[in-house]
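# An overview of the molecular structure
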Amino acid sequence: AIVSVALAFWYAAYVRDYASGTAAFVKTCRETIAALGKVAALVLLVLIVAAFLATVVWLFLILDLVIPWIGMLLVALLALLLLYLYIRLAFSVQALAVGKGTVKQALQQSWEFTGMGFLHLLEVIVFLVAVITIYMAIASIGTTLSNLALDELTEMTSVAVFWVIATSYANTAMPLYYLSK
């Protein structure tokens, strides 16, 4: 998870520098390495919240055994809350890379970025759905082509190449959108 978030951080920092005309591969690598502590803190925070929420879901499901439908209703409400939180905090890595602040500031900036009114929130939702859909379509092409491969090396290469393309697309689209606002 840390590598994935660090890669997203690198893309966001590179896109930020590219937009200002100062992009440099080595500079961005050094900045990403220097920010690994912040990246790890962000990942750790998400993992702690996920563990807490998994425990809550487990308790709700236990409750469902005692009082049918109440536990499932609570799980559904929790799922809606998680979706809302995901949307509001989806740009935390980009805010961390662009703003060069603390993890707390990045979370706050992402929250503010996605909370500029209902229409902006709707735009963010449409953007995130589009990015996820295109990411999945690109990755699916690699998986489909891998099924046509005659040997394992070609199969793995096909999946890896299209995964890299999909990841590059998503990790470039997010900071470009963030910087455009």
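This is a predicted model, so every value here is computed, not measured.

### Some thoughts on the environment of Ile-165
One can find Ile-165 in helix α8 (residues 152-180). Judged by its relative accessible area of 41%, Ile-165 falls in the partly exposed class. Distance in space between the C-alpha atoms of Ile-165 and Leu-82 is 28 Å, their sequence separation being 83 residues.

### Details of the packing of aromatic side chains
A complete count under the given rule lists 12 aromatic pairs for this structure. Ring plane angle 65° and centroid distance 5.5 Å describe the contact between Trp-10 and Phe-25, whose orientation is recorded as edge-to-face. With Trp-10 in helix α1 (residues 2-20) and Phe-25 in helix α2 (residues 25-34), the pair connects residues that are 15 residues apart, well separated along the chain. For the pair Phe-113 and Tyr-177, a centre-to-centre distance of 5.9 Å together with 85° between the ring planes defines the contact as edge-to-face. Of the two residues, Phe-113 is situated in helix α6 (residues 103-113) and Tyr-177 in helix α8; the sequence distance between them amounts to 64 residues. On the basis of relative accessible area, Phe-113 is assigned to the buried category, the value being 5%. Judged by relative accessible area, which is 10%, Tyr-177 ranks as buried. Here a set of aromatic residues connected by ring pairs shows up, and it is made of Trp-10, Tyr-11, Tyr-14, Tyr-18 and Phe-25. Just above the ring of Trp-111 sits the side chain of Arg-88; from NZ or CZ to the centre is 4.1 Å.

### Here we look at helix α7 (residues 118-147)
Here α7 contains 30 residues, and its C-alpha end-to-end distance of 43 Å stays within 8% of the 44 Å for a straight helix at 1.5 Å per residue. Within the span of α7, buried status applies to His-120, Leu-121, Val-124, Phe-127, Leu-128, Val-131, Ile-138, Gly-142 and Ser-146. Structurally, α7 contributes buried residues whose contacts are with α4 (70-89), α6 and α8.

### Points about the nonpolar core
In terms of nonpolar packing, the biggest core is built from 30 residues, with Phe-9, Phe-91, Phe-127 and Leu-128 touching the most fellow members. Those elements that provide at least two residues to this core are α1, α3 (36-66), α5 (92-99), α6, α7 and α8. With residues near it in sequence (within four places) discarded, Phe-91 still touches Ser-110, Phe-113, Thr-114, Val-124, Phe-127, Leu-128, Met-174, Tyr-177 and Tyr-178. Formed by five residues, the second largest nonpolar core is a distinct cluster that contains Val-56, Phe-60, Val-75 and Leu-78.

### A closer look at α8
With 29 residues, α8 should reach 42 Å at 1.5 Å per residue; the first-to-last C-alpha distance of 42 Å fits that figure. Here α8 has its buried residues at Ser-158, Ala-166, Thr-167, Ala-170, Asn-171, Ala-173, Met-174, Pro-175, Tyr-177 and Tyr-178. In this structure, the buried residues of α8 make contact with α1, α5, α6 and α7.

### Quick word on the packing of α4 against α6
Interhelical geometry of α4 versus α6 gives an angle of 100° and a closest axis separation of 7 Å. For the element pair α4 / α6, the angle class is roughly perpendicular. Touching Tyr-84, Leu-85, Arg-88 and Leu-89 of α4 are Leu-107, Ser-110 and Trp-111, all from α6. Of the residues in the contact of α4 with α6, the class split is five nonpolar, one polar and one charged.

### Quick notes on the packing of α3 against α4
The interhelical angle for the contact between α3 and α4, taken along N-to-C directions, is 155°, at an axis separation of 6 Å. Judged by the inter-axis angle, α3 sits roughly antiparallel to α4. In this structure, α3 contributes Leu-53, Val-56, Val-57, Phe-60, Leu-61, Leu-63 and Asp-64 to the contact, and α4 contributes Ile-70, Gly-71, Met-72, Leu-74, Val-75, Leu-78 and Leu-82. Residue classes in the contact of α3 with α4 are distributed as 12 nonpolar, one polar and one charged.

What counts, and where the lines are drawn
- Residues numbered from 1 in each chain as written.
- Predicted model: local features only at pLDDT ≥ 70, side-chain atom pairs only at ≥ 80, totals over all residues.
- Heavy atoms only, no water.
- Helix = DSSP H or I, 4+ residues; strand = E, 2+ residues; numbered from the N terminus.
- Buried < 20%, exposed > 50% of the residue type's maximum accessible area, 1.4 Å probe, protein only.
- Phe/Tyr/Trp six-rings, centres within 6.5 Å; stacked < 30°, edge-to-face > 60°.
- Lys NZ or Arg CZ within 6 Å of the ring centre and 35° of its normal.
- Expected span 1.5 Å × (residues − 1).
- Contact = heavy atoms within 4.5 Å.
- Core = buried A, V, L, I, M, F, W, Y, C linked by side-chain atoms within 4.5 Å.
- Axes fitted to C-alpha atoms, helices over the stretch in contact; angles between N-to-C directions.
- Parallel < 35°, antiparallel > 145°, perpendicular 65-115°, else oblique.
- Nonpolar A, V, L, I, M, F, W, Y, C, P; charged D, E, K, R; others polar.

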